[in-house]
Every structure is written in C-alpha cells, then in structure tokens.
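Examining the three-dimensional arrangement
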Amino acid sequence: MSNEAATVQAARTTEDAAGTEAPPRGLGVSLPAADTRAQTEGTFPYAADLWAEGLLWAAVLRSPHPHARIASIDTTHAREMPGVHAVVTHEDVPGTPVYERGRSDRPVFASDVVRHHGEAIAAVAADHPDTARMAAAAVIVEYEVLDPVIDPEQAFEAEPLHPDGNLIRHIPLRHGDPDAAGELVVDGLYRIGRQDPAPIGAEAGLAVPRPDGGVELYLASTDPHGDRDEAAAAFDLDPERVKIVVTGVPGATADREDQSFRLPLGLLALKTGCPVKLTATREESFLGHAHRHPTLLRYRHHADAEGRLVKVEAQILLDAGAYADTSSDALAAAVSFACGPYVVPNAFIEGWAVRTNNPPSGHVRGEGALQVCAAYEAQMDKLARKLGLDPAELRMRNVMATGDVLPTGQTVTCPAPVAELLEAVRDHPLPPLPKDTPEDEWLLPGGPEGAGEPGAVRRGVGYGLGMVHMLGGEGADEVSTATVKVQDGVATVLCAAVETGQGFTTLARQIVQEILGVDEVRVAPVDTDQPSAGAGSRGRHTWVSGGAVERAAKMVRTQLLAPLAHKFGMSAELLQISDGRITSYDGVLSTPVADELVGKELWATAQCRPHPTEPLDESGQGDAFVGMAFCAIRAVVDVDIEIGSVRVVELAVAQDVGRVLNPAQLAARIEAGVTQGVGAALTENLRTPRGLVRHPDLTGYALPTALDVPDIRIVKLVEERDVVAPFGAKAVSAVPVVTSPAAIAAAVRAATGRPVNRLPVRPQAAVVTSGRDRLVRSGD
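Residues numbered from 1 in each chain as written. Predicted model: local features only at pLDDT ≥ 70, side-chain atom pairs only at ≥ 80, totals over all residues. Heavy atoms only, no water.

**Description of the sheet that holds strand 11 (residues 204-209)**
Taken in spatial order, the seven strands make up an open sheet running 3-7-1-14-11-12-13, and their pairing is mixed. Two strands bound the open sheet, and with one partner strand each, they are strand 3 (84-88) and strand 13 (242-246). When the angles between neighbouring strand axes are averaged without regard to direction, this sheet yields 20°. Alignment of strand 1 (residues 56-62) against strand 14 (residues 276-279), held across two bridges, turns out to be parallel. Across the sheet, tryptophan 57 pairs through a bridge with lysine 277, a residue of strand 14. Lying over the sheet, helix 5 (residues 224-235) contacts strand 12 (215-219) and strand 13, oriented at roughly 145° with respect to strand 13. (Pairing = 2+ DSSP bridges. Helix = DSSP H or I, 4+ residues; strand = E, 2+ residues; numbered from the N terminus. Axes fitted to C-alpha atoms, helices over the stretch in contact; angles between N-to-C directions. Contact = heavy atoms within 4.5 Å.)

See the structure below:
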C-alpha cells in the first residue's frame, strides 16, 4: 500500500478514550471481509468442491476446428459405454436453441456449423469424470472443414458466418466541423491483442433436478437472474422452476457469464434425473469463455502550434469473434472515449464490431476503453515529440474538466479532476537508477546472470490518462433491490449482488453499520429467489446495489427512531445514530442502539435506479452514460535495447475515487487493476493462428506473477464526491486496467525511441538496432 493510502486508512481508524483501538465499524474504515478466513483455510464453498448423493459427472465435446460444416453427429458409441447415463446434442434442447446477453445468436450446441475453435457439440453424463471424458471423445462428428475468416478486415467482404451477417454494429460519430484542420498532424496504426480474463479457478457447476420438474444450478455466476432466464428459455421451463444458487466466485475480472458448459449441465440433470457436476479443465476454460476484443485502430490527430487539439479522426475495428456477446456495448465505449479525457472540439470516429471465426470476445474489465486509451495516448506522445514538448505538458494543455463536452455531445457533469491527477503523478519523485544502487543490479531486465548486459539498458518514463464509464450505458435499465432486516440487534442484508472480489459484501456491512449503528451485520447467500440486482460489472454493485442497501437501511432507521422520537415528543429528524448510540440534538436522550433493538424485528426493502441514459443516435450523439471515472499513471520502465526485454520499475497512480469507503479494499482493487494492465501491456496475448487457440493453458499464456508486479505507488486519491452516486463513491478497479498499458507503452517509447504501436509490447518492438548507451533516464 502506498503512503497516501496508508494515511487515508490511519485517518479513519478510531480509538476510544482509554486509547485502545475500537472495533472497525461503518464507512471509511478498513473493515476486513467476513469470508477471508474461510478462503485462506480452504473451507470456502466453491462450486468445484460441491457434492450431492448419486452424483454424475459431465464432460463437453468441443469442436477442434474454427469453422466447419457438421455433416453428422453419431452418439451411439458414447451411449453404449458402461457408466454413461446420457448424451445430449442440439436435438435435446427443448427450448430456445440460442442465447446471449447482448444478442441471442449463440447456440447451446452447434447443429449445422461450428464457428469457433472449442464450440460445444455434445455433452455427456457418466458415473466417473474419466468415463465422461472418454464418452465425449467417443462421439463421432463428421466435419466438412471450411476456411476460417480470421482477419476482421476481411469480414466485411467474406461470406456471412451467421444468419445475421458479419457486421454486429457500426457507430459513426460526428462532432464539430469536418473541415477543421490543425497546423500539425500525426497518424498512427495500432493493434491490441486478445487478453483472457484468466480467473483463478476454472468454471465449475452442479445441477440438481427438482421434484417439480425444474432444476437448481449451483454456479459461480455474476448475474444469477440473467443466467436463470437464459437457462429457463433453453430448458423450456418457467423461470420460477429454475433456481441459480451462487457459490463462491474464484475471481472474476469479467462477468464469468459463459453458458457453454452451464446449459449442458442443466440439460443433463433434467435428462438423467440425477445431480450432475462439471469442472472445466483450464483448456476448456480458455476455449469456452469470452476474451478481450482484439482491436485495430487508425488515428489522425490535428493540433495547433501550441499543441492544443483541433480534431481527432479515428477508425476502430473490434474483432467480436464468432458471436455478438457484449460487442455492441464495447464498441459504444470505444467510440465514445476514442479521444480520451481531453478537450477535442472536432471528432469524427468510425467504429465497427464484426464477426470472425476467432474465439468469442465479450466483457472484460475496461472493454473498449482500454484499446482506445493505448492508441490516443500513443498519438499524444507523437504530438509531443513533433512539438518538442514534454509529454506531460502536452497532456496538461488539453485535459478535460467538469463541464466539458465529450465527442458524443454529453456534458461531463461528474467530477473530472484530470489535471490534478496528472500533476500528482508528474510531480511524484522518480525511483533511483539501479546503477546508483549496485545491490539492485539483479532488478535489471534479465538480471546479472541473464542474457542482457547493464550497458544495454535504458530507462523510460511515460504517462497515461484513462477514463471509463460506470454502470451500463445507452438506456440500460440499471436497478437493484435490497432488503435489510434487524432482529434482536443482528442485521441481515438480502441482495442478489454477487461478491466477485470487488468487496460488495464488506461494503454492505459497512453501510448498515453506518446507518443503524449495529455491530453484527450478515449478508445472506445469493440465489434467484431474491429480487434481481443485475450483473456484477462496471462498478454496478458499489453504486446501484450499495444504494439499494442504503435506502433500505434508512427505512429501518426510521422505523427504529420514530417510536422513540414520539415518546420524547420530538421529530425523528432530531435524533442521530453515532458510535452505536442514539442521541438527540439537545443531549437529553442518549441510549445504546442495542438496547432499543432488544425483542424487535424491523425490516424494509428498497430499490436504487440511477437516472436514465439514452442510446447513441445515428451520429454517435447522446447522453449515453450515467457517470465516469478517471485515472493518471506514470510508468517507469527499464528496457534492454539489445534483446527487447522490459521491466516495469514503478507505476505511480493518481485516481478519481469520489469517496474512500474502505481504504484497504480500495488500495487492493487499484493494485489488482494495475497488475491486470501490466499483463495486457507486456505478456498476455491469447494467440489464435488460423483461428485455433494456441497453448490454452497457464504455461503458454503468460500471466504476470508476483515477481513481475512493479512497485505500485498510489500517490493521490481525489475524493471529490459525485453527487448523483450513493455516498459519492466511484468504481475503482476498471480505470487503472485501462490506463496502465498505455503508460507502460509510453515509457517503452521514451526509452527506445521506437513507435510501439502494438499491445502487448513484443521484444522486437523494444530493440534498438544502432547505438548503445549507459543506463540513463529518458530526458536526462
């Protein structure tokens, strides 16, 4: 944790009069998560650990081809194998054969054609997992292999891969004067790779048939009601007969919304009448779930002689893979934020999302915004070099503030302290050079025993400014419902907001403690018998579900205080709850909350629904987003210019957080987001030559380890509350993911003088073929 974050945490720690530390309570303190001990001791109930009497095991047969026509499917041999209880294909789907969040276009099982490597063809239930896998392999599928469309630029002219065609969405954004031109013009072509969410635990689930002919699914779902509705449609059941019970979620940097194994799991349970369990291998996980959109971006920036932006022109092409998923949402974010947190009077952006035979793309933290951030920040570096300006100074001349207008025509009404963030990271002291501390020589790229030599190492400093939207956009109905119950001094929160690691259950406890003054607050397990809280993405639960909990707790507070106020002949508004006591404005009344709750049962249910948004129109204009968050990052890297190895030395982070609700939790979320961005910048790229996923495992796919994580310095947290958000807080985890890859790429450019127009940065992009120098900092 940085010095700033530690200071924030210390400031919120209270002590009683005797000098002993009081138990943490309420908002603004680092209340620990209730399930931390169970997770560290290995007793937390993840789906992979569940068991049921008479359990069967499932396996899914997946296509070995990215594109092929299915001539026939023969399940005879699989059905006849000892221990096999059922085999299901597309013919066994009783209800809607296709599903998807954004657009229903993805089949439960491929029937006539497969459109990506790893698409589900059939599923098997057997009495042993090995038997299930062997039976799945025994299903005979005759394919007519077709040429895959793997280049998104070719998708415009290729034969339709889907009945809906290859174009998912096109957004033409028009803002300002098309004839505007600057004295300086820079162009760039950029490519962003395919990042996998790579959850800690692979997908797993348990399906249990119900006596009423329905089914219960125990899953690590992040949107249980959405998953239930999709399952009910596929199973041809009323939603009330399908129940989703959320188990422990072993990490979610996306929605974990892949249904390619959940729906087969439920079908097998319904067909066999037995509980069925499936635990995906890491390979199946890579093949089944959605990834970050690979993106091709062409940019042209116009600026005047002082470096102020005049016009931005861009073309953005998202590779959606085989199915639509959330590509429409990702494209809206990419186009809307294509100019970044800068004032741009004229902008003309073309955005497309297209189908290919590559693996499906979908929601991954910061989708759309990450890709364009890398591109527009590279353009700002080009402008700075052309003008002979310091990169931070050029950015400072163009940063937006509250009241400025986005290229979509939407006015930024939320706090936008971009200049303050940039100043904080710019002015933070730079780390020492390793040559000044010889004992740290091993920290150089490759180390003293590695292939590189210290004399070939150069240091670079780069900047990134990023922005994201919070909640869904373009008219999405963002609503959440929560119930707060208090019985004999113990409060219980019922809300279907799933804890994915973002800290919602801890926040819910803090909210109730703050409003009601109770110490013991429990958060009930999540299932679809509760009202919907929506998906766990884009900071929704901090805002919408936290807002619902706040409103319900305040209603219970009124129930508690009203009789007491009446008894003393005063208004309930004259009473307050603080430090576990109810007191009146004049000090006449002072009583412990716990005493007033003895023998009482109070409860209330409330909803939170932010103000509505609207879809972008035919010119890309509209108030499409509820709120935005901003971040500035300064990256310091060491680059061996002979072998192209890169080590990130330090990332200094300044972020717009609205209000700090849990200092330790907030710092952890920022650090985790930055680390995910390091992976996107340097190592993470799921390679798919000719549409085939290459090395779908954690040895071939290089995640950053603890040794790869740089020194992360949270140098400033700007607490300027957003008045339309509950508690004034903003989501914190997505925007550092968006910003850190751009900052790292900028630092590599500064160290090498190379353009660095692709993420992740490849070694050959960091090699300087002529000239060697001692270890120096760029600009020294």
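**A closer look at the environment of valine 723**
Of note, valine 723 is situated in the loop between strand 28 (711-718) and helix 16 (734-752). Under the relative-accessibility criterion, valine 723 is labelled exposed at 80%. Spatially, the C-alpha atom of valine 723 lies 9.1 Å from that of glycine 658, the residues being 65 residues apart in sequence. (Buried < 20%, exposed > 50% of the residue type's maximum accessible area, 1.4 Å probe, protein only.)

**Things to note about the packing of helix 15 (residues 663-682) against helix 16**
Two numbers describe a pair of packed helices, the interaxial angle and the distance between the axes. Where helix 15 meets helix 16, the closest approach of the two axes is 7 Å, and the angle between their N-to-C directions is 45°. By the angle class used here, helix 15 and helix 16 are oblique. When the axes of helix 15 and helix 16 are compared, the crossing they make is right-handed. Between helix 15 and helix 16, the contacting residues are Ile670, Gly673, Val674, Gln676, Gly677, Val678, Ala680, Ala681 and Leu682 on the first element and Pro736, Val737, Ser740, Pro741 and Ile744 on the second. Its residues assigned to classes, the contact of helix 15 with helix 16 shows ten nonpolar, four polar and no charged. (Parallel < 35°, antiparallel > 145°, perpendicular 65-115°, else oblique. Left-handed = near helix turned anticlockwise from the far one by under 90°. Nonpolar A, V, L, I, M, F, W, Y, C, P; charged D, E, K, R; others polar.)

**Thoughts on the packing of aromatic side chains**
In total, this model carries six aromatic pairs according to the counting rule given. Pairing phenylalanine 44 with tyrosine 46 gives two aromatic rings, centres 5.2 Å apart and planes at 70°, and the pair type is edge-to-face. The buried category is assigned to phenylalanine 44, whose relative accessible area is 16%. For the ring pair phenylalanine 337 and phenylalanine 625, a centre distance of 5.2 Å and an interplane angle of 35° mean the geometry is tilted. Here the residue phenylalanine 337 occupies a position in the loop between helix 8 (327-336) and strand 17 (346-354), and phenylalanine 625 occupies one in the loop between strand 25 (601-608) and strand 26 (627-640), the gap between them amounting to 288 residues. (Phe/Tyr/Trp six-rings, centres within 6.5 Å; stacked < 30°, edge-to-face > 60°.)

**Digging into the environment of threonine 506**
Structurally, threonine 506 is set in helix 12 (residues 504-516). Not counting chain neighbours up to four residues away, the residues in contact with threonine 506 comprise Leu31, Pro32, Ala33, Glu499, Asn662 and Gln665.

**Some points on unusual backbone geometry**
Most peptide bonds take the trans form, and the phi angle of most residues other than glycine is negative. Here the amide bond leading from leucine 759 into proline 760 is cis, since omega sits at 0°, within 30 degrees of zero. Inspection of the secondary structure puts proline 760 in the segment after strand 29 (758-759). Of note in this structure, leucine 471 is not a glycine but carries a positive phi near 65°. Assignment of secondary structure puts leucine 471 in the loop between strand 18 (457-470) and strand 19 (480-487). According to the relative accessible area criterion, leucine 471 is buried, its value standing at 0%. Not every positive phi belongs to a glycine, and histidine 695 is a case in point at roughly 55°. Tracing the chain through its elements places histidine 695 in the loop between helix 15 and strand 28. Judged by its relative accessible area of 37%, histidine 695 falls in the partly exposed class.

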